[in-house]
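# Working through the structure, step by step
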Amino acid sequence: MIIAIILLFSFLLDGILLSCVDMNTVCCPLITLSSLVIIYPFFSEKKKNYFIISGALGFFYDICYSNILFFNVLCFLGIAYFIPILFDRLSISVVNSYLVGIMNILIYRILLCFFFVVLGFSSWSTKIFYKSIISSIIINSIYLVAFYFIAKKIRKNFKKRKYKLLKVKKVEQ
């Protein structure tokens, strides 16, 4: 339930920010992509479910915001593949979550640029490419840090409740 709220909020916030931004600018929030970093600790033991949610999120992002069918599904799944690898080597902290989120934005932007240029949809200059990365990093920095602390507090409460339930079950046996 908590994860669904985080994802729904992120998805809607992306939509609101995209509707406020002129479509001719390079600013694209990518809040939904950053939410993959925030929700990963909830799935550290159930990675299969994490990949399913990531793929579904990419699919809905494709349909609602980008209209590049299956591009975001592949990107979200690819990024969801690397998040556990990075967090297995790093501890889950605000700094590491921030760094992983920034790496996700960089990977996504590079893939998007490669997709547009190679397939001839658009010719991107390096200036536009850097502006798109910087604008996404600025917007996502605020989101990542704020939601990291919110999710951390929720995870602590979730673990306490889970521990109490396990303790009650052991007493009943």
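Shown above is the structure to which this text applies.
Attention in this report is confined to the structure presented alongside it.

What counts, and at which threshold
- Residues numbered from 1 in each chain as written.
- Predicted model: local features only at pLDDT ≥ 70, side-chain atom pairs only at ≥ 80, totals over all residues.
- Heavy atoms only, no water.
- Helix = DSSP H or I, 4+ residues; strand = E, 2+ residues; numbered from the N terminus.
- Buried < 20%, exposed > 50% of the residue type's maximum accessible area, 1.4 Å probe, protein only.
- Contact = heavy atoms within 4.5 Å.
- Areas by Shrake-Rupley, 256 points an atom, 1.4 Å probe, with all protein chains shown as cover.
- Phe/Tyr/Trp six-rings, centres within 6.5 Å; stacked < 30°, edge-to-face > 60°.
- Core = buried A, V, L, I, M, F, W, Y, C linked by side-chain atoms within 4.5 Å.

The next thing to look at is the overall build of the protein chain. When its secondary structure is counted, the protein chain shows six helices and zero strands. Helices and strands appear in the protein chain in the N-to-C order α-α-α-α-α-α. Taking all 173 residues of the protein chain together, the buried fraction comes to 39%. Contacts in the protein chain between residues at least 24 apart in sequence constitute 68% of all its contacts with a sequence separation of at least 6. Total accessible area computed for the protein chain in this model is approximately 10,400 Å², and 71% of it derives from carbon and sulfur atoms.

A word on the packing of aromatic side chains. Here the structure, examined in full by the defined rule, presents 16 aromatic pairs. Note on Y61 and F76: the rings are 5.6 Å apart at their centroids and 35° apart in plane angle, and the pair reads as tilted. Of the two residues, Y61 sits in helix α3 (residues 47–66) while F76 sits in helix α4 (residues 71–89), which places them 15 residues apart along the sequence. Between Y143 and F147 the ring centres are 4.7 Å apart and the planes differ by 25°, which places this aromatic pair in the stacked class. On the criterion of helical spacing, the pair formed by Y143 and F147 is a turn pair, its members being four residues apart in helix α6 (residues 126–172). One exposure class covers both Y143 and F147, and it is buried. Among the aromatic residues, those joined into a ring-pair cluster are Y40, F43, Y50, F51 and F87.

This next bit is on the side chain of S35. You can see S35 is positioned in helix α2 (residues 31–39). Judged by relative accessible area, S35 falls into the buried class, the value being 0%. Residue contacts for S35: discarding those within four places in its chain leaves L7, S10, L57 and Y143.

Attention shifts here to the nonpolar core. I6, L36, I38, I39, Y50, I83 and Y108 are the most contacted members of the largest nonpolar core, which has 38 residues in total. Listed by contribution, the elements that provide at least two residues to this core are α1 (2–20), α2, α3, α4, α5 (94–118) and α6. No other element matches the seven residues that α4 contributes to this core. Beyond its immediate stretch of four places on either side in the chain, I39 contacts I3, I6, L7, Y50 and I53.

For the rest of this paragraph, the subject is α2. Buried residues dominate α2, accounting for nine of its nine residues. Along α2, the residues classified as buried are I31, T32, L33, S34, S35, L36, V37, I38 and I39.

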